[in-house]
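Commentary on secondary and tertiary structure
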Amino acid sequence: MGLLTDLRVIYHMVFKPIRGKDHGERLDSFYRGQARDYDAFRRRLLKGREELWGKLERPAGGVWVDMGGGTAANLEYLGSDIGKLHRIYVVDLARSLLEVAEQRVKRHGWTNVTLVHGDATTFCPPEGAADVVTFSYSLTMIPDWFAAIENAWRILRPDGQIGVVDFYISRKYPPPGLVRHPWRTRWFWPCWFATDNVFLSPDHLPYLMWRFQAESLLERRARVPWVPFGRVPYYVFVGRKKVSS
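Just so we're clear, the structure is a prediction, and the values are computed from it rather than from any experiment.

To continue, consider the overall build of the protein. For the protein, the helix and strand inventory stands at eight helices and seven strands. Out of the 245 residues in the protein, the part that is buried amounts to 55%. The long-range share in the protein, meaning contacts at least 24 apart out of those at least 6 apart in sequence, stands at 74%. When the accessible surface of the protein is summed, it comes to about 11700 Å², and 54% of that surface belongs to carbon and sulfur atoms.

Below is the structure:
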């Protein structure tokens, strides 16, 4: 990835105004000018995605929904296992990213992948339920993130899996066993990302752990390209739908 490409992405991330009357229009305003460079730059920025996909089951004949799946690049982490699934839905409100996803699907010849211009808070697969639901750096860009998590719980089959990887900050006093970030981390990174309508939250992870039975959790930090100081926190969470007795 060249310097000019990096600068083009950084311009749209940092300097270009984001406009639009609704969330979908604002997403397209943000991504339209950088969509073709999205994957190469995000590969260095968005850590933990391959690790998450490696932890999730590939149920034979199952249904997988990737909420906020954008360019469908995450599906490449499935490798040849993608053929085991009956259907994979990539759901996103940014048409510019779905256009890139369409090219990727054609290039790979994926016949069981369906691209959906839709809302993560309301989408339900035509099959009526999903075996796996994933959010890859999308919860922080969904205003009603709690509704998106509730929708994931609703559409998951009993014993279905959810996988989430995203930026976050800890609560000032997190639940026992979770990482506590210093005040400068909890102040700086939300301010930094909010200019792009990416909202780091102290509540995403505790809510996921309350709503789902946690199977795996990693809390880590990653460097941000072209930012010479600090590392942004991110988590990798795998959970299973709780079924009441």
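So, on to helix H6 (residues 145–155). Every buried residue of H6 is listed here: Trp 145, Ala 148, Ile 149, Asn 151, Ala 152 and Ile 155. The buried residues of H6 all sit within an arc of 160° when viewed along its axis, so they share a single face. Close packing links the buried residues of H6 with strand E1 (63–67), strand E4 (130–136), strand E5 (156–167), helix H8 (204–211) and strand E6 (212–222).

If you walk across this open sheet you meet the seven strands as E3-E2-E1-E4-E5-E7-E6, and the pairing is mixed. Looking at strand neighbours, the two that pair on one side only are strand E3 (113–117) and E6, the edges of this open sheet. Pairwise comparison of adjacent strand axes, ignoring direction, gives a mean angle of 15° for this sheet. The pairing of E1 with strand E2 (residues 87–92) spans five bridges and is classified as parallel. If you follow Val 65 over to E2, its bridge partner there is Tyr 89. Sitting on the sheet, helix H7 (residues 183–194) touches E5, E6 and strand E7 (232–241), and the angle it makes with E7 is about 85°.

Next up on the list: unusual backbone geometry. Notably, Ala 72 is not glycine yet its phi reads approximately 65°, a positive angle. Inspection of the secondary structure puts Ala 72 in the loop between E1 and E2. The phi dihedral of Asp 159 is positive, around 75°, even though this residue is not glycine. Of note, Asp 159 is situated in strand E5.

Take Ser 170: it is sitting in the loop between E5 and H7. Among the polar contacts listed, one links the side chain of Ser 170 to the backbone nitrogen of His 181, at a separation of 2.8 Å. Ignoring anything within four residues of it in the chain, the contact list for Ser 170 reads Val 179, Arg 180, His 181, Arg 186 and Pro 202.

Taking 1.5 Å of rise per residue, the twelve residues of H7 would be expected to cover 16 Å, and the 17 Å separating its terminal C-alpha atoms lies within 8% of that figure. By the burial criterion, the buried members of H7 are Thr 185, Arg 186, Phe 188, Trp 189, Pro 190 and Phe 193. Where H7 is buried, its residues meet E5, E6 and E7.

What follows concerns the packing of aromatic side chains. One pass over the structure, following the stated rule, counts 14 aromatic pairs. A ring pair is formed by Phe 167 and Phe 193, whose centres lie 4.8 Å apart and whose planes are at 35°; its orientation type is tilted. Taken as a pair, Phe 167 in strand E5 and Phe 193 in helix H7 lie far apart in primary sequence, 26 residues in all. For the pair Phe 167 and Phe 193, one class covers both residues: buried. Between Trp 187 and Phe 188, the ring centres sit 6.4 Å apart and the planes meet at 50°, which makes this aromatic pair tilted.

Taking burial as the measure, the twelve residues of E5 include nine buried ones, the bulk of the element. Sheet topology places E4 next to E5; six bridges connect them, and they run parallel. From the neighbouring strand, Thr 134 faces E5, where its bridge partner is Gly 163. Crossover handedness for the path E4 to H6 to E5: right-handed.

About the thresholds
- Residues numbered from 1 in each chain as written.
- Predicted model: local features only at pLDDT ≥ 70, side-chain atom pairs only at ≥ 80, totals over all residues.
- Heavy atoms only, no water.
- Helix = DSSP H or I, 4+ residues; strand = E, 2+ residues; numbered from the N terminus.
- Buried < 20%, exposed > 50% of the residue type's maximum accessible area, 1.4 Å probe, protein only.
- Contact = heavy atoms within 4.5 Å.
- Areas by Shrake-Rupley, 256 points an atom, 1.4 Å probe, with all protein chains shown as cover.
- Arc of directions from axis to C-beta.
- Pairing = 2+ DSSP bridges.
- Axes fitted to C-alpha atoms, helices over the stretch in contact; angles between N-to-C directions.
- Polar contact = N/O pair within 3.5 Å; in protein donor to acceptor, adjacent residues only side chain to side chain.
- Expected span 1.5 Å × (residues − 1).
- Phe/Tyr/Trp six-rings, centres within 6.5 Å; stacked < 30°, edge-to-face > 60°.
- Right-handed = clockwise from strand over helix to strand, strands pointing away.

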